[in-house]
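The residues making up each chain are set out below.
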Amino acid sequence: MSSSSKTLIKTLIENPARIRSKYQAKQLHAQLIRTHSLSHTSASIVISIYTNLKLLHEALLLFRTLESPPVLAWKSVIRCFTDQSLFSRALTSFVEMRASGRCPDHNVFPSVLKSCTMMADLRLGESVHGCIVRLGMDCDLYTGNALMNMYAKLLGMDSKFSVDKVFDEMPQRKSFSEEDGKSSHFDTSSVDPVMSCSEVIEAETVIAASNLPLGIDSVRKVFELMPRKDVVSWNTIVAGYAQSGMYEDALRMVREMGSNELSPDAFTLSSVLPIFSGYVDVNKGKEIHGYVIRKRIDADVYIGSSLVDMYAKSARIEDSERVFSHLSRRDSISWNSLVAGYVQNGRYNEALKLFREMVSAKVRPGPVAFSSVLPACAHLATLHLGKQLHGYVLRGGCSDNMFIASALVDMYSKCGNIKAARKIFDRMNVHDEVSWTAIIMGHALHGHGDEAVSLFEEMKLQGVRPNRVAFVAVLTACSHVGLVDEAWGYFNSMSEVYGLEHELEHYAAVADLLGRAGKLEEAFDFVSNMRVVEPMGSVWSTLLSSCSVHKNLELAEKVAEKLFAVDSENMGAYVLMCNMYAANGRWKEMAKLRLRMKKRGMRKKPACSWIEVKSKTHGFVSGDRSHPSMERINEFLKAVLEQMEREGYVADTSGVLHDVDEEHKRELLYGHSERLAVAFGIINTEAGTTIRVTKNIRICRDCHVAIKFISKITEREIIVRDNSRFHHFNNGSCSCGDYW
DNA sequence: GTAGGGTTAG
């Protein structure tokens, strides 16, 4: 070997950063072997070269030949394991390194802590923290940052220790002493408790006494003790505060950054932006948007999706669209922020359209994308799309995801298939309050009040505490089947047992229940005496429709007056009142109301129904004869009407409030949108297929009777979803038991 | 060698 090549090897070993390729690294390795100069030290350097090039396999082959690997070799492989997301192997290596008696230095801890974070192993992380304190390495900037990140990430988790324990007691704890280097303390598989029982109890008492979230407290403690802090340190604590809901503190830290001559960067802002959507006003968010543009970080994908989300949550979806359209690069989260934004703003068709665009743009939808877009299918009741998405979810193997499973339960029940919803619910391994509420609400909407109530009881038995939404669901269930006493019990238990405040929705459900049950005066007093800060228009309009069902015009006038006082443009209320005046022959009052509507430029929303046939949605508007199949629909309805009449059907024209003769009234009934949709469905599907129709307003009383007959004559299950519930017609009767 | 964004039930 020439002296010049020896010099070259020496130079490379001293400047390992010069090696940039696998080939060069292997050449060096080979030369060292050939010249018999592969010492422990030079081998470690080669290992670090391999790991820097992410050549884990090569590094490990060499590593295993070393009898007692030096610190450099250990930390190189630990870092590489962490880099390649092999967190548990990183931690095992750390344990082995400690067991071999090697003392870790400051640049191994960031990787170890990251692995603890990713493995969600707070216990081990805290032990490592103890070790760091013992070795006096808590002054290291990167180690401190990694510690803060770990506590911030694992902040919701149960901890046996508090950070004070780590600081105050860890150094003295025997298992951390350097002399005891062979201790198996760091072995993750070890079941030996690190603390004695009494210590654990003591620590838990300390934790119970503190009202602050444990994690954020630990983050702050580490932060305060760090002698040197950089932007990352500040960003980590800002994110920690933001994620713990401590928004004031997060924003205070951003301001303090400025006084420490550090300017907020893209990381800082993307942590802080979500605060402005739900907590502070959107104008503050706009200021930040301006700052982002001035700092020229508006191309950052993280900032982009934060902005899209912020504007969407502030009901400014047009601004979300603008931000999205200007993004130079879009990842799956940017897409999904806008998809979710559309759904949050009730723009379901746009959400589905964008989801499709996303798939065409070759961005694979992940679990979050599915849980964002499924509610759009639920709201639109587009079963075929929902089923397609379900298939996609199954192929993607994420059907166990709690968010997705709950969204699927909700989607199937809202699309009229409560059986499929229940099947998915029953197959879930664990249920949280969201999935329970979804299935309870599903049964409630399908008129299975008793089933919904017993599921609610089952939920409580399983130790899942009902929250405010769960109470909305169970009260809705009671309301749809007239369980008055049960509803009062639940309403009272909300505040008395669960310490939950009654909100508008709960009052509305009870008012609805009393109204449906015909207890109109009681309902009126209940609503008049409720104390809710929010507007009560929806509650009054619920009660108004009960007055209409129970034909109580006198009370209806009182209710309407209350309603118009808070909501002078409530279309439904005008229509209901007009109809009630008409039904009572009070044409003068009706005309007056009609004029008021006309002056305000209000127009009646037409009644429509939809049906999906062969994955295509067909819409029908009451009295509209433009559908290409209208001739066949009429033929069918005419034929079936003859049979219906033979079986005892008599048209109930009392609901037709136009001032026309009986014959004309019957014709109007026969042109109702739900009847057209049902007829179209029966003609265009095979015998026995379930018919699913969605209607935008309440189903008409006469159509309800007629569809019962039709279900019997045609031997079809017919499911009609109106604006408040599902009606399952089967063999001449309806699941609602005519209570609606 | 550390740090950030989107999701389910009314």
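Residues numbered from 1 in each chain as written. Chains lettered and ligands numbered in written order. Predicted model: local features only at pLDDT ≥ 70, side-chain atom pairs only at ≥ 80, totals over all residues. Heavy atoms only, no water.

As annotated in an unreviewed UniProt entry, chain A carries the name DYW domain-containing protein and comes from Microthlaspi erraticum. As recorded by UniProt, the Sequence similarities (unreviewed entry) comment attached to chain A reads in full: "Belongs to the PPR family. PCMP-H subfamily." (UniProt positions renumbered as here; feature names shortened; annotations may be inferred.)

Peer 1: Can you lay out the UniProt feature "repeat: PPR" (unreviewed entry) in chain A for me, pointing to particular residues and giving the numbers?
Peer 2: Cross-referencing UniProt, the feature "repeat: PPR" (unreviewed entry) maps to residues 230-264, 331-365, 432-466 and 570-604 in the present numbering. Secondary structure across residues 432-466 comprises 74% helix and 0% strand; the distance between its end C-alpha atoms is 10 Å. Between the C-alpha atoms that bound residues 570-604 the distance is 11 Å, and the span itself is 74% helix and 0% strand. (Helix = DSSP H or I, 4+ residues; strand = E, 2+ residues; numbered from the N terminus.)

Peer 1: An account of the pattern of salt bridges is needed here, citing residue identities and associated values.
Peer 2: This model, assessed by the stated rule, comprises 28 salt bridges. Taking the shortest distance from any N to any O, the salt bridge between Asp-83 and Lys-54 comes out at 3.2 Å. Of this pair, Asp-83 sits in helix 5 (residues 71-83) while Lys-54 sits in the loop between helix 3 (40-52) and helix 4 (56-63), placing them 29 residues apart in sequence. Under the relative-accessibility criterion, Asp-83 is labelled partly exposed at 49%. Between Asp-217 and Arg-220 there is a salt bridge, and its shortest N-O distance comes to 3.1 Å. You can see Asp-217 and its partner Arg-220 sitting in helix 12 (residues 214-225), three residues apart, about one turn around the helix. What emerges from the salt-bridge pattern is a single network uniting Glu-318, Glu-321, Arg-347 and Glu-350. (Salt bridge = Lys/Arg side-chain N within 4 Å of Asp/Glu carboxyl O. Buried < 20%, exposed > 50% of the residue type's maximum accessible area, 1.4 Å probe, protein only.)

Peer 1: I'd like to hear about a negative patch on the surface, residue by residue, with values.
Peer 2: Together, Glu-521, Glu-522, Asp-525 and Glu-554 make up a negatively charged patch on the protein surface. Per-element tally for the negative patch: the top contributor is helix 30 (residues 520-529), with three residues. Residue placement: Glu-554 occurs in helix 32 (residues 553-566). A relative accessible area of 67% means that Glu-554 is categorised as exposed. (Patch = residues over 30% accessible without salt bridge, like charges linked within 9 Å, V, L, I, M, F, W, Y side chains within 5 Å. Areas by Shrake-Rupley, 256 points an atom, 1.4 Å probe, with all protein chains shown as cover. Lys, Arg positive; Asp, Glu negative; His and termini not counted. Charge placed at Lys NZ, Arg CZ, Asp CG, Glu CD.)

Peer 1: Can you explain the protein's contact with DNA strand B? Please cite residues and give values.
Peer 2: Of all residues adjacent to DNA strand B, which total 51 residues, the nearest are Arg-79, Asn-149, Ser-305, Ser-371 and Lys-414. Taking all atoms of DNA strand B within 4 Å of the protein, the share assigned to sugar and phosphate is 44%. Between Gln-344 and DNA strand B, the recorded distance is 2.7 Å, taken from a side-chain N or O atom to a phosphate oxygen. A distance of 2.8 Å separates a base nitrogen of DNA strand B from a polar atom in the side chain of Asn-467. Per-class residue counts for the surface near DNA strand B are 17 nonpolar, 21 polar and 13 charged. (Near = heavy atom within 4 Å. Polar contact = N/O pair within 3.5 Å; in protein donor to acceptor, adjacent residues only side chain to side chain. Nonpolar A, V, L, I, M, F, W, Y, C, P; charged D, E, K, R; others polar.)

Peer 1: Help me get a handle on unusual backbone geometry, residues and values and all.
Peer 2: Notably, Glu-261 is not glycine yet its phi reads approximately 60 degrees, a positive angle. Within the secondary structure layout, Glu-261 lies in the loop between helix 14 (247-259) and helix 15 (266-278). Positive phi, normally seen in glycine, also occurs at Asp-738, with a value near 60 degrees. Since its relative accessible area comes to 43%, Asp-738 is described here as partly exposed.

Peer 1: Explain the sheet that holds strand 4 (residues 718-721) residue by residue, including any values.
Peer 2: Across the sheet, which stays open at both edges, the six strands sit in the order 2-1-3-4-5-6 with mixed pairing between neighbours. Strands with a single pairing partner mark the edges of an open sheet, and in this sheet they are strand 2 (616-621) and strand 6 (733-734). (Pairing = 2+ DSSP bridges.)

Peer 1: Give me the lowdown on the side chain of Ser-337, citing residues and values where you can.
Peer 2: Within the secondary structure, Ser-337 is located in helix 19 (residues 332-344). Taking relative accessible area as the criterion, Ser-337 reaches 10% and is therefore assigned buried. With residues up to four places along the chain from it excluded, the contact list for Ser-337 reads Ser-305, Val-308 and Asp-309. (Contact = heavy atoms within 4.5 Å.)

Peer 1: Quick one: what's the story with the environment of Val-430, residue by residue and with numbers?
Peer 2: Relative to the elements of secondary structure, Val-430 occurs in the loop between helix 24 (418-427) and helix 25 (433-445). Once the C-alpha coordinates of Val-430 and Ser-305 are considered, the two residues, 125 residues apart in sequence, prove to be 31 Å apart.

Peer 1: Account for the packing of helix 8 (residues 122-134) against helix 9 (residues 141-153), naming residues and giving values.
Peer 2: With their axes 11 Å apart at the nearest point, helix 8 and helix 9 run at an angle of 155 degrees to one another. Classified by the angle their axes make, helix 8 and helix 9 are roughly antiparallel. For the pair helix 8 and helix 9, the crossing hand works out as left-handed. From helix 8, Leu-122, Gly-125, Glu-126, His-129 and Ile-132 reach across to helix 9, where they touch Thr-143, Leu-147, Met-150 and Tyr-151. For the contact of helix 8 with helix 9, a count of residues per class yields five nonpolar, three polar and one charged. (Axes fitted to C-alpha atoms, helices over the stretch in contact; angles between N-to-C directions. Parallel < 35°, antiparallel > 145°, perpendicular 65-115°, else oblique. Left-handed = near helix turned anticlockwise from the far one by under 90°.)

Peer 1: Can you lay out the packing of aromatic side chains for me, pointing to particular residues and giving the numbers?
Peer 2: Summed over all chains, the structure comprises 19 aromatic pairs. Ring geometry for Phe-456 versus Tyr-490: centroids 5.0 Å apart, planes at 75 degrees, classification edge-to-face. Taken together, the residues Phe-456 in helix 26 (residues 449-461) and Tyr-490 in helix 28 (residues 484-496) connect sequence positions 34 residues apart. Accessibility expressed as a relative area gives 8% for Tyr-490, which makes it buried. An angle of 55 degrees between the planes, with centres 5.5 Å apart, marks the rings of Phe-620 and Phe-680 as tilted. Of this pair, Phe-620 sits in strand 2 while Phe-680 sits in helix 37 (residues 673-684), and the two are 60 residues apart along the sequence. Each member of the pair, Phe-620 as well as Phe-680, is classed as buried. Members of the aromatic cluster, connected to one another through ring pairs, are Phe-456, Phe-471, Tyr-490 and Tyr-498. Positioned over the ring face of Trp-335 is Arg-330, at 5.8 Å from the centre of the ring. For Lys-558, the ring lying beneath its charged end belongs to Phe-524, and the centroid distance is 4.7 Å. (Phe/Tyr/Trp six-rings, centres within 6.5 Å; stacked < 30°, edge-to-face > 60°. Lys NZ or Arg CZ within 6 Å of the ring centre and 35° of its normal.)

Peer 1: I'd like a rundown of helix 30, residues and numbers included.
Peer 2: Of all the positions in helix 30, only Leu-520, Ala-523, Phe-524, Phe-526 and Val-527 are classed as buried. Around the axis of helix 30, the buried residues are gathered within 165 degrees of arc, so they sit on the same side. Looking at the packing, one finds that the buried side of helix 30 touches helix 28, helix 29 (504-516), helix 31 (537-549) and helix 32. (Arc of directions from axis to C-beta.)

Peer 1: Pulling in residues and values, what's your account of the environment of Tyr-348?
Peer 2: Mapped onto the secondary structure, Tyr-348 falls in helix 20 (residues 348-360). Here the alpha-carbon distance between Tyr-348 and Cys-398, two residues 50 residues apart in the chain, equals 23 Å. The residues contacting Tyr-348, other than those within four sequence positions of it, are Val-343, Ala-376, His-379 and Leu-380.

Peer 1: Outline the side chain of Thr-143, listing residues and values.
Peer 2: Here Thr-143 lies in helix 9. Its relative accessible area of 0% is what places Thr-143 among the buried residues. Here Thr-143 is in contact with His-106, Phe-109, Pro-110, Leu-113, Ile-132 and Met-137, once residues within four sequence places are set aside.

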